[in-house]
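# Examining the three-dimensional arrangement
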Amino acid sequence: MTRTATSSRSRSPGRYVVLAAALCTVLFLTLPLLGLIGQLNWAELGRVLGSSVLHDALILSLLVSIGAVALSVLFGTPLAWLISRRARRTRGLLRLVVIIPMVMPPVVSGIALLSMLGRRAPLGRVLETLGIEVTSNIAGAIIAVTFVSLPFYVLAVEAGLTSLDRRLEDAAATLGASPMRTLRTVTLPGSRGAIMAGLALAWARAIGEFGATMTFNGNLQGRTQTMPLAILQTMQTDLDAANVLSVLLMGACVLILVCLRGRLFGDVS
Amino acid sequence: MSAGLHARLRAPMGEGRLDVELSVAGGQTAVLLGPNGAGKSTLVRALAGLVDIDEGRIVLDGREVTHAPPQERHVAVQFQSNLLLPWLSVLENVAYGRRSRGEPASDARESARRWLERLDVADLAGRSPKTLSGGQARRVSLARALAAGGDLLILDEPTTSLDIDARVDARRVIAEVIREVAAPRLIVTHDPVEALSFADELYIMEAGRVVQSGDPASIRARPRSEYAASLVGVNLIKGHLGRQGDRWKVDTPGEPLWVADVDLPPGTAVLARIHPRSIILSSEPLRTSARNVLAGRIASIAIDQDRARILLATTPGLTVEVTTNAIASLGLEQGLEVWASFKATDIEVYPR
Amino acid sequence: MWPCRILLLLSILVCGCQRRDDGALHVAAAASLTDALQEVAAAYEAAGHGDVVLEFAGSQTIVTRAIAGAQPSLFILADEVQVERLSKAQLLAEHFTAFSSPLVLIVPRESYAVTSLDDLARPGVRVVLGAEEVPLGRYAREVLRRAGLLEAAQGNLISEEIDALGVLGKVISGQADGGIVYEVNAAGADHRVRTIPIPDAFDVAPQYYIAIPRSGPCLEEGRAFHTFLESEAGRSVMERHQFRFE
């Protein structure tokens, strides 16, 4: 039964078209990266590895991206839940609020953030009188990166929550589970795949973000310079070193994803 | 009000409304029987607190729970689609109710294990619900509802997803275990056989309302609607009582039915019930003592093992039950003109 | 059927790319020249010379692209280092210093934390400069070094920007109390910043360089454009945009 279905499918010409298209996509995604690695000037590697720019930026990038993802989870999960539980019109409106920052050029996001939290902006001024500085430091970087990456997390999680079988929550409630227990033992485990996808998306977006960070928070080695900013700055004079930095950033990301793979992307069954 | 369930529910339901009153005493089993779309699911959800009712009251064991959230109602439900939590083991699913009520994990698991044993599925404890067969999942979800306990147990279509053999087996198991439940039991089904085998009290629902309720014997004896009649498998004919000389009859839109003496005034709107087995079928008009003889063609023949149910296009229409041997010896087939004869004394007449 | 259409689409795209600036003079110029050069080019075309295609980018980017194979007819670069890169890559025929753009100190409107260059060294003042990797950053540091303020001012840095627009942005938004940009940038920002001149003693008057490639299309037209730029007509436009000729 199954075998005939498979073989008849493999005979259809459409299958080759699909395979060819998929292969093109894989090449399109990997060739530029291989090119980057191919251009690597290995003599530079040792020098870059020992540079303080790399160490400072890598550590800051990790802290900032983890901070941004943590904030996304903390504030994004309740929003995702709310969106998934609203009537269609409210849901559409809330989704729009989440999508707009995604389509804004990151530089514009940075300007927008400045208009709220900048030193001369209303909220920023209040915070400054309270002695709280939210720009030109790590906090500013986290704010900028969260603004850009949180929507990815919210949309992914919201999609998961919306597709969750709500009757499972009903069943838990009839078994005496409080709303909190239902959330903890049904809603969240049931959206685990979506939450993991959201985490990965948000983190990927966070680690690569530079437009909003540069505009909102600035670029200063050791204080606000994340990896993408370090790469951009290095690129001004030293393409080889910038190339090495890019490959190192890529390598660090792959390493982290591989380490988390079992936990993050394993079959959620 | 005494212990048990006393409910009057009114709620919107699809395009119509649910409007139901029911009472079930502790230790009693009420069965709600009705076709798809009759409002059974809405009723279950309303009792469990998953949909709010806009009018009425629900009193459970003396507590008013009309608008209480589901987790405070103590209504255990075995859902039609089981709704086991796929990320928990079978044992944890069954222990879920007690753990939700704050029982220590070990106690809850212990009780869960006992219920799984009681339902002969203790060996499934460590399995994931996704690996269970349909029948196993039914048992586990039943165990989960039973383990949770509560003031009302609801089983929603407990055997309909099973194949025939498993169904018989499941009915026996359910009949056994629910006897141990002291709370009122409510079984929802569209299967008349299941309904009649479980019910202490039977509620027949159509279009959001209970059209007839009572113990199974009385419903079998006097169905009040065509649906109820078809459920218990009898002919039910609507008409008005009439007299011709000293003979009683029921006037129908077609031929009148001659009936035995009735203690009702002529003109009363009545229902006439005739059991399909008391009708004699012949391929030509017979001279017998039967006072009713109706001619008509065979509309359809449905064979079930050694019996056949034949639908006649007489007016009023009749269902006749014969042996499969009779079909052969009389050469019965669809479209053949036949005569149906039955005695006046085989017709039960009662007011509508 | 549809793979054919995709091929068709691809071929159109490829041909479209090849058709670019056939026969037209292609000038690759530092981004800070955008407004001024557009005006010069319009005058050049109006004077009956051929069409000009202008491409603006950071000097570093322009040279990187040229090394990768782009063939402009003329370069106008804001950084001698980049001229050297062209030379090392055997792409350069000759080069000239052309004009300069003085540096200025800019501060946010209605902010008086900085009123002179000295204030950039005052504790607590927020300073933004170009990164050392870009000419703007190097020139600004040279100014501060000559004024003896470099170390203190660098201690006040809140950000190092990749280009003048970044420095402007930080000052306009008030994130920084003061920064150093080319005068042409400050003029372009209109009234959104206040401009404070840098004393002549410290100004480094950064040079722009005209570089003529060794090979490529329209080299003659490139030289003609250079000549026009140095003519009275070209100079008057450039000077209106705060560029200075020797």
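Calculation criteria
- Residues numbered from 1 in each chain as written.
- Chains lettered and ligands numbered in written order.
- Predicted model: local features only at pLDDT ≥ 70, side-chain atom pairs only at ≥ 80, totals over all residues.
- Heavy atoms only, no water.
- Buried < 20%, exposed > 50% of the residue type's maximum accessible area, 1.4 Å probe, protein only.
- Helix = DSSP H or I, 4+ residues; strand = E, 2+ residues; numbered from the N terminus.
- Arc of directions from axis to C-beta.
- pLDDT = per-residue confidence, 0-100.
- Contact = heavy atoms within 4.5 Å.
- Pairing = 2+ DSSP bridges.
- Axes fitted to C-alpha atoms, helices over the stretch in contact; angles between N-to-C directions.
- 1 Å grid on protein atoms, 1.4 Å probe; cavity = no way out; pocket = protein on both sides within 12 Å on 5 of 7 lines; lining within 4 Å.
- Points joined across faces, edges and corners; volume = space filled by probe spheres on them.
- Nonpolar A, V, L, I, M, F, W, Y, C, P; charged D, E, K, R; others polar.
- Domains from an automatic or database assignment.
- Buried area = accessible area lost by both parts, 1.4 Å probe.
- Salt bridge = Lys/Arg side-chain N within 4 Å of Asp/Glu carboxyl O.
- Polar contact = N/O pair within 3.5 Å; in protein donor to acceptor, adjacent residues only side chain to side chain.

### Things to note about helix α3 (residues 59-67) of chain C
Residues and elements named next belong to chain C. Burial in α3 covers these residues: S59, Q60, I62, V63 and A66. Along α3, the residues classed as buried sweep out an arc of 165 degrees about the axis, all on the same side. Following α3 by one or two positions, G69 adopts a phi angle in the positive range, close to 125 degrees.

### Describing the confidence of the model for chain A
Confidence in the prediction for chain A averages 88 pLDDT; 93% of positions are at 70 or higher. Here residues 1-8 of chain A is modelled with pLDDT under 50, and outside its nearest four sequence neighbours on either side it reaches zero contacts, counting other chains as well.

### Brief notes about the sheet that holds strand β11 (residues 235-244) of chain B
Residues and elements named next belong to chain B. What the five strands build is an open sheet, ordered β13-β12-β11-β14-β20; its pairing is antiparallel. Each edge of the open sheet carries a strand with a single partner, namely β13 (257-259) and β20 (347-351). Neighbour-to-neighbour, the strand axes of the sheet open up by a mean angle of 40 degrees, direction not taken into account. Bridge count between β11 and strand β12 (residues 247-251): five bridges; the pairing is antiparallel. Paired with G242 across the bridge in β12 is K249.

### Describing the layout of surface pockets
All names here are of chain B. Estimates place the volume of the second largest pocket at around 490 Å³. If you go around the second largest pocket, you meet 16 residues; those closest to its centre are L231, V232, G233, R309 and E321. Listing elements by their share of the lining of the second largest pocket, those giving two or more residues are α6 (192-198), α8 (226-232) and β17 (307-312). Of the residues that constitute the lining of the second largest pocket, the class distribution is six nonpolar, three polar and seven charged.

### Concerning the domain arrangement of chain A
Taken domain by domain, chain A holds domain 1 (1-38) and domain 2 (52-265). Here domain 1 of chain A and domain 2 of chain A have C-alpha centroids that lie 32 Å from each other.

### A closer look at the interface of chain A and chain B
Counting residues at the interface gives 20 residues for chain A and 22 residues for chain B. A per-residue breakdown of the area chain A buries against chain B is headed by T174, L175 and R181 of chain A, which together make up 39% of the total. Inspection of the region where chain A meets chain B yields one salt bridge. D170 of chain A is the salt-bridge partner of R45 of chain B, the closest N and O atoms lying 3.1 Å from each other. Between the two partners, chain A and chain B, sit six residue pairs in polar contact (both at pLDDT 80 or more). Residue composition of the side of chain A that touches chain B, by class: nine nonpolar, seven polar and four charged.

### Points about unusual backbone geometry
All names here are of chain B. Of note, the bond from T315 into P316 is cis; its omega dihedral lies within 30 degrees of zero at -10 degrees. Its location among the elements puts P316 in the loop between β17 and β18 (318-323). In this model, N82 sits at a positive phi of 65 degrees, which is unusual for a non-glycine residue. You can see N82 is positioned in the loop between β6 (75-78) and α2 (90-100).

### Brief notes about the domain arrangement of chain B
Residue and element names in this part refer to chain B. Partitioning chain B into structural domains gives domain 1 (5-230) and domain 2 (234-351). Placing the centre of domain 1 and that of domain 2 at their C-alpha centroids yields a distance of 39 Å. With nine residues of domain 1 at the contact, the number on the domain 2 side is eight residues. Contact with domain 2 buries area across many residues of domain 1, yet R222, R224 and A229 alone supply 54% of it, more than any other trio. Where domain 1 meets domain 2, there are one salt bridge. Among the elements of the structure, α7 (216-221) and α8 are those that each provide at least two residues to the side of domain 1 that touches domain 2. In terms of residue count, the dominant contributor to the side of domain 1 that touches domain 2 is α8 (three residues).

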